[in-house]
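Architecture at a glance
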Amino acid sequence: MNNRRKFFKSLGLLSATALVGGLHPKNSLAKTKIKWKMVTSWPKNFPGLGAGAETLARYINKLSGGSLEVKVFGANELVPPLGVFDFVSSGGAEMGHSGAYYWKGKTEAAQFFSSVPFGMTAQEMNSWLYYGDGIKLWEEVYENFNLIPRPAGNTGVQMGGWFNKEILSVDDLQGLKMRIPGLGGEVLARAGGSPQQLPLAEVYTALQTGVIDATELVGPYNDLAQSIHSVAKYYYYPGWHEPGSTLETLINKDAWESLPPDLQEMIAVATRAINEDMLSEFTAKNNAALNVLIEEHGVELRAFPEDVISKLREISKGLVKESMQENDLSRRIYSSYMEFLESVENYHRISEQAFLEARADAPTN
Ligand code: CA
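Summarised in this report is the structure supplied together with it. (Residues numbered from 1 in each chain as written. Predicted model: local features only at pLDDT ≥ 70, side-chain atom pairs only at ≥ 80, totals over all residues. Heavy atoms only, no water.)

1. Notes on the overall build of the protein
- A count of helical and extended segments in the protein gives 14 helices and 11 strands.
- A globule of 365 residues ought to have a C-alpha radius of gyration of about 21 Å, and the protein, at 23 Å, matches this closely.
- Principal-axis analysis of the C-alpha atoms gives the protein an extent of 85 × 55 × 45 Å.
- Going through the 365 residues of the protein one by one, you find that 50% of them count as buried.
- For the protein, the proportion of contacts with a sequence separation of at least 24, taken over those separated by at least 6, is 77%. (Helix = DSSP H or I, 4+ residues; strand = E, 2+ residues; numbered from the N terminus. Rg over C-alpha atoms; globule rule 2.2 N^0.38 Å. Buried < 20%, exposed > 50% of the residue type's maximum accessible area, 1.4 Å probe, protein only. Contact = heavy atoms within 4.5 Å.)

The following block contains the structure:
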């Protein structure tokens, strides 16, 4: 009998089950059975973002050995898509999955934790969140709302959006009614457009009936599933307004504090896993979806003209700074983000950017 078996035998633990592979002790938490609700801003079965919320719940359910069971609710099942923040804040659900820029009405600073026009890409954003002060500052913002935030997905660089009017110059932005949330919407307003805040589920009808002329959504993989191509003609790039949007998990602080430390750690690790997983899924599926949109549905792909991009970039720079003067915390978030961006951009100029340019120029045959 080897030492390990002697040891277990001395404890009276060497049962037949243990001998046939049951030596792994059962999760000590398996007796606990906690049930949580996760409300989301996404229509039920929405690919990408909605699937991300479902995958996150599956990770938590499995990692916890069933101790913590999270049930996901699509938009409007328990609360409207933009009711997620308040509902989780007040404890109606223990968890939510959404995007922080929807909460600009609560505090302008929230937007910095999803995406900033002409700001950081997914890779840069994750670095700021995990290795800069990002998450710490985000927690400070949400603390006032009894919430704990965690990054929980990223779309990568989004598309500029769907248009029924061609954008040939800055003049074409005048009076443009476009569904575009957050800071991007404010930039458009300052460029002469008319931003609208609409939940995803209402976008199709709004375009079809001409209530809006344009909408930004996500990228080809998500947008194809929404069939937006049947109510809009032009598909513009790049997504200047959302260069790497972080999705979020919101957790009610009282619910969080009631969990044992190992379940808290499981949730934290599961959110990191979904944060990576969603970006990989989008990266893997976007190009095939783009091909379907162009080849099968006749979508016309367009780049924003350079003068439009320059104008939007110039407006963004000033507006983003102005929007972050609300209080001392906003100013600290702005400084932290901008200093991080400047530093990472400096290095990326000679690494990511230089390489992508080098690769694009390489002969393909
Ligand atoms: Ca978007």
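2. Observations concerning the side chain of H97
- Along the chain, H97 falls in strand β3 (residues 95-98).
- Within the local environment of H97, its side chain forms a polar contact with the side chain of W42, the two groups lying 2.8 Å apart.
- Polar contacts involving the side chain of H97 include one to the main-chain carbonyl oxygen of A152, which spans 2.9 Å. (Polar contact = N/O pair within 3.5 Å; in protein donor to acceptor, adjacent residues only side chain to side chain.)

3. Thoughts on the sheet that holds strand β1 (residues 34-40)
- In space, the 5 strands of this open sheet follow the order β2-β1-β3-β10-β4, with mixed pairing throughout. Each edge of the open sheet carries a strand with a single partner, namely β2 (68-73) and β4 (147-154). Within the sheet, the average angular offset between the axes of one strand and its neighbour, ignoring direction, is 25 degrees.
- As paired strands, β1 and β3 are joined by 3 bridges and run parallel to one another. Bridged to M38 within β3 is M95. (Pairing = 2+ DSSP bridges. Axes fitted to C-alpha atoms, helices over the stretch in contact; angles between N-to-C directions.)

4. Observations regarding the layout of surface pockets
- The space that makes up the largest pocket amounts to roughly 1,600 Å³.
- Around the largest pocket, the lining comprises 44 residues; the ones closest to its centre are G119, T121, E124, V157 and P243.
- Counting only elements with at least two residues in the lining of the largest pocket, the list comes to α5 (122-131), α11 (261-295), α12 (306-323), α13 (328-350) and α14 (352-361).
- Broken down by element, the residue count for the lining of the largest pocket peaks at 7 residues, all from α13.
- Of the residues that constitute the lining of the largest pocket, the class distribution is 22 nonpolar, 14 polar and 8 charged. (1 Å grid on protein atoms, 1.4 Å probe; cavity = no way out; pocket = protein on both sides within 12 Å on 5 of 7 lines; lining within 4 Å. Points joined across faces, edges and corners; volume = space filled by probe spheres on them. Nonpolar A, V, L, I, M, F, W, Y, C, P; charged D, E, K, R; others polar.)

5. Considerations on α12
- Under the 1.5 Å per step criterion, the end-to-end length of α12 is 25 Å for 18 residues, consistent within 8% with the ideal 26 Å.
- Every buried residue of α12 is listed here: V308, I309, L312, I315, S316, L319, V320 and S323. (Expected span 1.5 Å × (residues − 1).)

6. Digging into the coordination of the calcium ion
- Summarising the metal site, the calcium ion is bound by the protein donors Q158 (OE1), E216 (OE), E216 (OE), L217 (O) and E242 (OE), whose distances to it range over 2.2 to 2.7 Å.
- Expressed as a motif, the donor residue spacing for the calcium ion is Q-x57-E-L-x24-E. Placement of the pair is L217 in the loop between β8 (214-215) and α9 (220-225) and E242 in the loop between β9 (234-237) and β10 (246-252), with a sequence separation of 25 residues. Neither residue differs from the other here; L217 and E242 are each classed as buried. (Donors = N, O, S within 2.8 Å, 3.2 Å for Na, K, Ca; no water.)

7. Describing empty space enclosed by the protein
- Under the defined criterion, the tally for this structure stands at 4 cavities of 30 Å³ or more.
- Counted as a void, the largest cavity has a volume near 110 Å³.
- W42, L49, Y101, Y102 and Q158 are the residues nearest the centre of the largest cavity, which is lined by 17 residues in total.
- Residue composition of the lining of the largest cavity, by class: 8 nonpolar, 6 polar and 3 charged.

8. What about the packing of aromatic side chains?
- Under the criterion given, the structure shown has 18 aromatic pairs.
- Pairing F113 with W128 gives two aromatic rings, centres 5.6 Å apart and planes at 15 degrees, and the pair type is stacked. One end of the pair, F113, is in the loop between β3 and α5; the other, W128, is in helix α5, and 15 residues separate them in sequence.
- Between W138 and Y142, the aromatic rings sit 5.9 Å apart at their centres with planes inclined by 75 degrees, giving edge-to-face as the arrangement. With W138 and Y142 both in helix α6 (residues 134-143) and 4 residues apart, this pair spans about one turn of that helix. Here the two residues W138 and Y142 agree in accessibility, since each one is buried.
- A cation over an aromatic ring shows up here: R272 above the ring of Y130, its NZ or CZ 3.7 Å from the ring centre. (Phe/Tyr/Trp six-rings, centres within 6.5 Å; stacked < 30°, edge-to-face > 60°. Lys NZ or Arg CZ within 6 Å of the ring centre and 35° of its normal.)

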